[in-house]
Structure formats: structure tokens, C-alpha cells
Amino acid sequence: MTTVYDFLYLFNDDLERVRIYDATTEEEVFAGTFREAMYSDYEGYAVDGVDIDKDGMIITIETDEEDDEEDDDI
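Residues numbered from 1 in each chain as written. Predicted model: local features only at pLDDT ≥ 70, side-chain atom pairs only at ≥ 80, totals over all residues. Heavy atoms only, no water.

A.B. asks: An account of the overall build of the chain is needed here, citing residue identities and associated values.
C.D. replies: Regarding its fold elements, the chain presents 3 helices and 4 strands. Along the chain direction, N to C, the helices and strands of the chain fall in the order α-β-β-α-β-β-α. Scored against the burial criterion, the 74 residues of the chain give a buried share of 31%. Pairs at least 24 residues apart make up 51% of the contacts formed inside the chain by residues separated by at least 6 positions. For the chain, the exposed surface amounts to about 5100 Å²; the carbon and sulfur share of it is 43%. (Helix = DSSP H or I, 4+ residues; strand = E, 2+ residues; numbered from the N terminus. Buried < 20%, exposed > 50% of the residue type's maximum accessible area, 1.4 Å probe, protein only. Contact = heavy atoms within 4.5 Å. Areas by Shrake-Rupley, 256 points an atom, 1.4 Å probe, with all protein chains shown as cover.)

A.B. asks: Help me get a handle on the packing of aromatic side chains, residues and values and all.
C.D. replies: Here the structure, examined in full by the defined rule, presents 5 aromatic pairs. Relative to F11, the ring of F7 has its centre 5.3 Å away and its plane inclined at 70°; by these criteria the two rings are edge-to-face. Among the residues examined, F11 registers a relative accessible area of 36% and is labelled partly exposed. An angle of 70° between the planes, with centres 5.3 Å apart, marks the rings of F11 and F34 as edge-to-face. Of this pair, F11 sits in the loop between α1 (4–9) and β1 (17–22) while F34 sits in helix α2 (residues 34–38), placing them 23 residues apart in sequence. Pairwise contacts between aromatic rings join Y5, Y9 and Y39 into one cluster. (Phe/Tyr/Trp six-rings, centres within 6.5 Å; stacked < 30°, edge-to-face > 60°.)

A.B. asks: Give me the lowdown on the nonpolar core, citing residues and values where you can.
C.D. replies: Judged by nonpolar contacts, the single largest core of 13 residues is most densely connected at L8, V18, I20, M57 and I59. Mapped by element, the contributors of at least two residues to this core are α1, β1, α2 and β4 (56–61). Leave out the neighbours within four places in its chain, and I20 touches V4, E27, E28, V29, F30, A37, Y42, I59 and I61. (Core = buried A, V, L, I, M, F, W, Y, C linked by side-chain atoms within 4.5 Å.)

A.B. asks: Lay out the confidence of the model for the chain in plain terms, naming residues and giving numbers.
C.D. replies: When the pLDDT values of the chain are averaged, the result is 90; 86% of them are 70 or greater. Mean pLDDT in the chain bottoms out at helix α3 (residues 65–72), which sits at 53, and peaks at β1, which reaches 98. (pLDDT = per-residue confidence, 0-100.)

A.B. asks: How would you sum up the sheet that holds β1? Please name residues and give values.
C.D. replies: An order of β2-β1-β4-β3 is seen for the 4 strands of this open sheet, with the pairing classed as mixed. With one partner strand each, in any of the chains shown, β2 (27–33) and β3 (49–53) form the two edges of the open sheet. In this sheet, neighbouring strand axes are inclined to one another by 20° on average, regardless of whether the strands run parallel or antiparallel. The pairing of β3 with β4 spans 5 bridges and is classified as antiparallel. Across the sheet, the residue bridging to I52 is M57, located in β4. (Pairing = 2+ DSSP bridges. Axes fitted to C-alpha atoms, helices over the stretch in contact; angles between N-to-C directions.)

Put into C-alpha cells, the structure is as follows:
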């Protein structure tokens, strides 16, 4: 398993832009620099996918936030 932190640590320029997309909630959960992402709440999540567009890199993760919301309703 490669975490967001481990993946971004491989790059030399930690000021590049990255966005993190959560496939569970189908929302963008983070936007900032590589360095900010490496020390964000999402640093420990496994990288499920990577893409690049005109605005920079996009990392896809899956959280269990959807399950947590369902547990709150009980």
C-alpha cells in the first residue's frame, strides 16, 4: 500500500499543485501543494489512482466517511 505521503515524497518539487478526490463521497477533499497534502488529514490514506490535468495532479483515495455517517444515524 502506498500512502499519499509516501507517493508525494517521491517528487522533488513539493510546491506543485495537487488535489485529492475521495471516491467514497465522490468529492474533492483537498487542494493545495504536495507539501501541504503530505501533512494533511489525508496523508495516511492509500493512493487508489493518479491522474494529471491542466491544473496539476489528482490523487484518488477512498475513505470510510460514508460508513461513519450511516453509523451516526443509528
